[in-house]
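Single-letter residue listing:
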Amino acid sequence: MFWPSLFTTAASGHQRKGADWSGGWVSNVVGRQSSAGTMVNTETALAVGALRACVTLLAESVAQLPCELYRRDDQGGRQRATDHPLYDVIHSQPNRKDTSFEYYEQGMGALTLEGNEFSLIDRDGAGYPTELIPVHPKKVRVLKGPDGLPYFELLEHGGEIVPARMMHHVKAFSIDGFVGLSPIATNADAIGLALATEQHAAAVFQRGTTMSGVIQRPKEAEPIGDQAKVDRLLEKFAERHSGLRNMFSVALLQEGMEYKSLAMDNEKAQLLESRNFGVIEVCRLYKVPPHMIQQLDKATFNNIEHQGLQFVIYTLLPWIKRKEAAMMRDLLLPAERKNLYIEFNVQGLLRGDMKSRYDAYAQGRQWGWLSVNDIRRLENMPPIPGGDRYLTPMNMTDSQKIGESLNATPEQLQEIERILCLTQ
């Protein structure tokens, strides 16, 4: 049993007996006002199209990869451990509600938005996981126990505290080692600027005009004494020259009146450039190539394939390795980690175009380090009988045996003489 009195409470901030709380729970912050004046939290940040595209791209990319449990064999190879109780949980059905795609998509979404992913582990009598039940990061508080290990307080279950063996926790970049930092909370100003730019663009189209200024009458004109006439004049002017239907309308001012704009127009404010800059900033935040979220300004057909490979290697793989390591720590028993390991299959994402793949297969086959079945396995095709044979190039031999190979046997000499007689 785990007594709440052993831990620090984040709400009151006072020290509970025997332990301290690893503070800085950045991912549990409701939101804050950015320098641009916009409130930034998970919900408002998702309104930025570039950020939503980056988050869903990472979540769907991880969710589509098969998650496998492998067992090392004595020959240095590996085999799928389909007989292990954990295999079906991580590969097919993490829990009774979610499919594997939904579970990994939801987990990766929480990781990229909140900086942490939590799942309660339901185990059988032998200690093997039978279900992984996702928990929203804002409903979990991470505590540091007296033994230096993390414990998890479930905020919706009366403050129940569970140990690490009952919680699967994947954290993003962390400073204290207990809680991952939320990209939204730590970069609220960059996201807030992009959000403010979107709101400004929407306001421009809503108003339909940039005539935010004053109507000036010449000094010689007689002043309008009735305020009601002034109000009617301004209301009529706004009615005719604002709104979507009145965009680019022509205004006619009488009695020597002159309109002077006091607002900065969209060209001077560089609205389009600012919106593009906001997209690049969000892509930089998640290390996503802009062309992956349909920002194709700098992309060409010559480099887009290499940028796709860079996305897998430098953007996706760190997240995958982070999840694999956490799954091996939380889901495998200590004695099993020597022979079992968990891995997401990324071979399909690392493959190039068909011509490049087939050229590489041809070289591997000709130089003897790929068999037919090796190639078929890489292409997700079933093996064929006799496909495990490897070729040896006939023009390659041991240099120390060159002299031996030049000395013909008596039988070979007789065959040579016979051939020579036939050719004369």
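Under the annotation held in an unreviewed UniProt entry, the chain carries the name Phage portal protein and is attributed to Billgrantia desiderata.

Now for the overall build of the chain. Each helix and strand in the chain was counted, giving 15 helices and 13 strands. For the chain, buried positions account for 34% of its 424 residues. Restricting the contact set of the chain to residue pairs at least 6 apart, pairs at least 24 apart contribute 62%. When the accessible surface of the chain is split by element, carbon and sulfur atoms take 55% of a total near 26,300 Å².

To continue, consider the sheet that holds strand E5 (residues 116-123). On the basis of which strands lie adjacent, the open sheet formed by three strands has the order E6-E5-E10 and antiparallel pairing. Of all the strands in the sheet, just strand E6 (129-135) and strand E10 (167-171) have a single pairing partner and so form its edges. Between one strand and the next, the sheet's axes are offset by a mean angle of 25°, whatever the strand orientation. Where E5 and E6 come together, six bridges link them in antiparallel fashion.

Turning our attention to the nonpolar core. Nonpolar side chains tend toward joint burial in soluble globular proteins. In terms of nonpolar packing, the biggest core is built from 53 residues, with Leu-51, Leu-69, Ile-90 and Tyr-286 touching the most fellow members. Elements supplying a minimum of two residues to this core: helix H2 (49-63), strand E3 (67-72), helix H3 (85-91), helix H4 (100-114), helix H6 (188-207), helix H9 (271-286), helix H10 (304-331) and strand E13 (340-344). Here this core gets nine residues from one element, more than from any other, and that element is H2. When neighbours within four sequence positions are excluded, Tyr-286 is seen to be in contact with Leu-51, Cys-54, Val-55, Leu-58, Thr-112, Leu-113, Pro-183, Ile-184 and Thr-315. Ranked by size, the runner-up nonpolar core spans ten residues in total, among them Val-142, Phe-152, Leu-154 and Val-179.

A few words now on the pairing of E10. Burial runs high along E10: four of the five residues are buried. Inspection of the sheet shows E5 paired to E10 by five bridges, in the antiparallel sense. Paired with Leu-120 across the strands is Met-167, a residue of E10.

A complete count under the given rule lists 13 salt bridges for this structure. Here Arg-80 ties to Glu-68 by a salt bridge, and the two come within 3.3 Å at their closest N and O atoms. Here Arg-80 is found in strand E4 (residues 78-80), whereas its partner Glu-68 is found in strand E3, with twelve residues between them in sequence. Of the charged contacts, one joins Lys-321 and Glu-324 as a salt bridge, the two residues approaching to 3.5 Å between their closest N and O atoms. Note that Lys-321 and Glu-324 are positioned in helix H10 at a spacing of three residues, about one turn of the helix.

Spatially, E4-E3-E13 is the arrangement adopted by the three strands of the open sheet, whose pairing is antiparallel. The two strands at the open ends of the sheet, each matched to only one other strand, are E4 and E13. The mean angle between the axes of side-by-side strands here comes to 40°, regardless of whether they run parallel or antiparallel. Bridging between E3 and E13 involves five bridges; their strand directions are antiparallel. Residue Glu-68 lies in a different strand from E13, and its bridge partner there is Glu-343.

What follows deals with the environment of Thr-130. Locating Thr-130 in the fold gives a position in strand E6. Residue classification places Thr-130 among the partly exposed positions, given a relative accessible area of 36%. Separated by 45 residues in the primary sequence, Thr-130 and Pro-85 have C-alpha atoms spaced 7.5 Å apart. Not counting the four nearest positions on each side in its chain, Thr-130 is found in contact with Val-89, Pro-94, Asp-122, Arg-123 and Asp-124.

Most of E5 is tucked away, with six of its eight residues classed as buried. Hairpin connection of E5 to E6: five residues between the antiparallel strands, including Gly-127 at a positive phi of 95°.

Let's shift gears to the packing of aromatic side chains. Taken as a whole and assessed by the stated rule, the structure comprises five aromatic pairs. Between Tyr-358 and Tyr-361, the aromatic rings sit 6.3 Å apart at their centres with planes inclined by 35°, giving tilted as the arrangement. On the criterion of helical spacing, the pair formed by Tyr-358 and Tyr-361 is a turn pair, its members being three residues apart in helix H12 (residues 354-366). Using a relative accessible area of 11% as the deciding quantity, one classes Tyr-361 as buried. A network of ring pairs unites the aromatic residues Tyr-103, Tyr-104 and Phe-344 as a single cluster. One Lys or Arg, Arg-78, reaches over the ring of Tyr-70 and ends 3.9 Å from the middle of that ring. The positively charged end of Arg-322 is found above the aromatic ring belonging to Trp-319, 5.5 Å away from the centroid.

Looking at where Gly-278 falls in the secondary structure, it is placed in helix H9. Taking relative accessible area as the criterion, Gly-278 reaches 9% and is therefore assigned buried. When the C-alpha positions of Gly-278 and Ala-196 are compared, they lie 9.8 Å apart, and in sequence the two are 82 residues distant.

The next point concerns the environment of Lys-171. Relative to the elements of secondary structure, Lys-171 occurs in strand E10. For the pair Lys-171 and Glu-114, spaced 57 residues apart in the sequence, the C-alpha separation amounts to 9.2 Å. Apart from the residues within four sequence positions on either side, Lys-171 is in contact with Leu-111, Gly-115, Asn-116, Gly-177, Phe-178, Val-179, Gly-180, Arg-322 and Arg-329.

Here we come to a nonpolar patch on the surface. Side chains of Ile-313, Tyr-314 and Leu-350 sit close together on the surface and give an oily, nonpolar patch of about 290 Å² of accessible area. Tracing the backbone shows Leu-350 in helix H11 (residues 347-350).

Cut-off values and rules
Residues numbered from 1 in each chain as written. Predicted model: local features only at pLDDT ≥ 70, side-chain atom pairs only at ≥ 80, totals over all residues. Heavy atoms only, no water. Helix = DSSP H or I, 4+ residues; strand = E, 2+ residues; numbered from the N terminus. Buried < 20%, exposed > 50% of the residue type's maximum accessible area, 1.4 Å probe, protein only. Contact = heavy atoms within 4.5 Å. Areas by Shrake-Rupley, 256 points an atom, 1.4 Å probe, with all protein chains shown as cover. Pairing = 2+ DSSP bridges. Axes fitted to C-alpha atoms, helices over the stretch in contact; angles between N-to-C directions. Core = buried A, V, L, I, M, F, W, Y, C linked by side-chain atoms within 4.5 Å. Salt bridge = Lys/Arg side-chain N within 4 Å of Asp/Glu carboxyl O. Phe/Tyr/Trp six-rings, centres within 6.5 Å; stacked < 30°, edge-to-face > 60°. Lys NZ or Arg CZ within 6 Å of the ring centre and 35° of its normal. Patch = residues over 30% accessible without salt bridge, like charges linked within 9 Å, V, L, I, M, F, W, Y side chains within 5 Å.

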